[in-house]
Amino acid sequence: MLNVAVKAARRAGAIINRATDDLDKLTIERKGHNDFVSDVDRAAENTIIATILESYPQHSILAEESGVSVGSGGSGGAANAPGSGESEYQWIIDPLDGTTNFLHGFPQYCVSIALAVKGVVSHAVIFDPTRNDLFTASRGGGAFLNERRIRVSKVIHLKDGLIGTGFPYKEFEKFDKYLGMFKEVTQKSSGVRRPGAAALDLAYVACGRFDGFWEMGLSPWDVAAGGLLILEAGGLITDFSGDSDYLHGGSVVAGTPKLFPQLLSIIQAHK
């Protein structure tokens, strides 16, 4: 199953890379404030879904642009949403995480694909087409970057950590709380970065490029693959309440085992 996800991610990445030469010709729609979708997002998603269903026609899909669907062997409909589905297998897909970056030619975006089995994320792929970085993980099998085993960093203290984050760009009513978090983390860490693609940010925690990360206002396809990568790389990830159901909680905090509780305590003081 992981091999199918890798094949799908690479096919989507090829579509994305080809489109970078003609960004001015793309059709772009606004889904909401600061929320865009292009024909590249849709083409990449269609390719991912087609590749998966070639091998697993009965599996269900949860994708950012097309929502919930099910292959030819299922009964279809919203019943296949996480936690209530008739299919035991659901693929959770973000065909282009970081669309705004992509549309501006800012090379920080990725393809994110995860497979949940009975509601538990069991396989994960994050592919950065600009760097040809392929992150993979299977539950109980470890996490890898370009087939080399990865681990979270060995940073112990928040003051030594480089922390990633994402602005609540669609939920401005939460911005004041976020600014409180941002101020304190900035004061107590060695730096905060906001690249703009949550799935890739989580992969960066898994491989040690970031020592921690937090963001609110997220969807399952933003965190499903990255969350498994972090866990398999020896890190910790929860929602803002410290609960393990970050997939549906809309917020995540992640980090190395020693740094994580320090970051979580700051987030909880302002949430």
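Above: the structure in question.
What you see is a predicted model, and the numbers here were worked out from it, not measured in a lab.

I keep staring at the nonpolar core and nothing clicks. Help me out?
Nonpolar side chains in soluble globular proteins tend to be buried together. Of all hydrophobic cores here, the largest spans 40 residues; its most connected members are Ile-92, Ile-126, Phe-135 and Leu-229. Of all the secondary-structure elements, those providing two or more residues to this core are strand S6 (110–117), strand S7 (120–128), strand S8 (133–138), strand S9 (142–145), helix H5 (198–207), helix H6 (220–232), helix H7 (246–249) and strand S15 (251–255). For this core, the leading source of residues is H5, giving nine residues. Apart from residues no more than four positions distant in its own chain, Phe-135 is found in contact with Ala-124, Val-125, Ile-126, Phe-144, Leu-145, Ile-150, Leu-200, Ala-203, Tyr-204, Cys-207, Arg-209 and Leu-229. With 30 residues, the next largest nonpolar core counts Val-4, Ile-15, Ile-61 and Val-111 among its residues.

What is the right way to read the sheet that holds strand S12 (residues 191–193) from this model?
Strand pairing in a sheet relies on backbone hydrogen bonds. The paired strands run either parallel or antiparallel. Sheet architecture is open: five strands sit in the order S12-S11-S13-S15-S14, paired in mixed fashion. Each of the sheet's edge strands pairs with one partner strand only, and the pair in question is S12 and strand S14 (236–238). Ignoring which end each strand starts from, the neighbouring axes of this sheet average 15 degrees apart. The strands that H6 touches are S14 and S15; relative to S14, the one it contacts most, it runs at about 145 degrees.

Mind showing me how you'd approach the packing of aromatic side chains here?
Enumeration according to the criterion identifies nine aromatic pairs in this entry. With centroids separated by 5.3 Å and ring planes inclined at 85 degrees, the aromatic side chains of Phe-102 and Tyr-109 adopt a geometry described as edge-to-face. Note on Tyr-109: relative accessible area 5%, which makes it buried. An aromatic cluster is built from Phe-167, Phe-175, Tyr-178, Phe-182 and Trp-214, whose rings are joined through pairwise contacts. The residue whose ring lies beneath Arg-209 is Tyr-204, and the NZ or CZ to ring-centre distance is 4.8 Å.

What is the right way to read the packing of H5 against H6 from this model?
The relative placement of two packed helices is expressed as an angle between their axes plus a distance between the axes. Contact geometry of H5 with H6 gives a least axis separation of 8 Å together with a crossing angle of 0 degrees. The angle between H5 and H6 places the two elements in the roughly parallel class. From H5, Ala-198, Ala-199, Leu-202, Ala-203, Val-205 and Ala-206 reach across to H6, where they touch Asp-222, Val-223, Gly-226, Gly-227, Leu-229 and Ile-230. Here the contact of H5 with H6 is built from residues that sort into nine nonpolar, two polar and one charged.

Hey, could you run me through the sheet that holds strand S4 (residues 67–70) in this one?
The strand order S4-S3-S5-S6-S7-S8-S9-S10 describes an open sheet built from eight strands, whose pairing is mixed. Each end of this open sheet is capped by a strand with a single partner; those strands are S4 and strand S10 (148–149). Relative to S10, S9 runs antiparallel, the two sharing two bridges. Each bridged residue has a counterpart across the sheet, and for Leu-145 the counterpart in S10 is Arg-148. Across the sheet, H5 is in contact with strand S5 (89–97), S6, S7 and S8; its angle to S7 comes to roughly 100 degrees. Against the sheet, H6 contacts strand S3 (60–63), S5, S6, S7, S8, S9 and S10, and its axis sits at roughly 100 degrees relative to S7.

Sorry, what's going on with unusual backbone geometry here?
The phi torsion of most residues other than glycine is negative, and most of the peptide bonds are trans. You will see that Lys-118, though not glycine, has its phi angle at about 55 degrees, which is positive. Its place among the elements puts Lys-118 in the loop between S6 and S7. Taking relative accessible area as the criterion, Lys-118 reaches 62% and is therefore assigned exposed. Its identity as a non-glycine residue notwithstanding, Asn-132 has a phi of 60 degrees, on the positive side. Checked against the element boundaries, Asn-132 lands in the loop between S7 and S8. For Asn-132, a relative accessible area of 43% translates into the label partly exposed.

Rules used in this analysis
Residues numbered from 1 in each chain as written. Predicted model: local features only at pLDDT ≥ 70, side-chain atom pairs only at ≥ 80, totals over all residues. Heavy atoms only, no water. Core = buried A, V, L, I, M, F, W, Y, C linked by side-chain atoms within 4.5 Å. Buried < 20%, exposed > 50% of the residue type's maximum accessible area, 1.4 Å probe, protein only. Helix = DSSP H or I, 4+ residues; strand = E, 2+ residues; numbered from the N terminus. Contact = heavy atoms within 4.5 Å. Pairing = 2+ DSSP bridges. Axes fitted to C-alpha atoms, helices over the stretch in contact; angles between N-to-C directions. Phe/Tyr/Trp six-rings, centres within 6.5 Å; stacked < 30°, edge-to-face > 60°. Lys NZ or Arg CZ within 6 Å of the ring centre and 35° of its normal. Parallel < 35°, antiparallel > 145°, perpendicular 65-115°, else oblique. Nonpolar A, V, L, I, M, F, W, Y, C, P; charged D, E, K, R; others polar.

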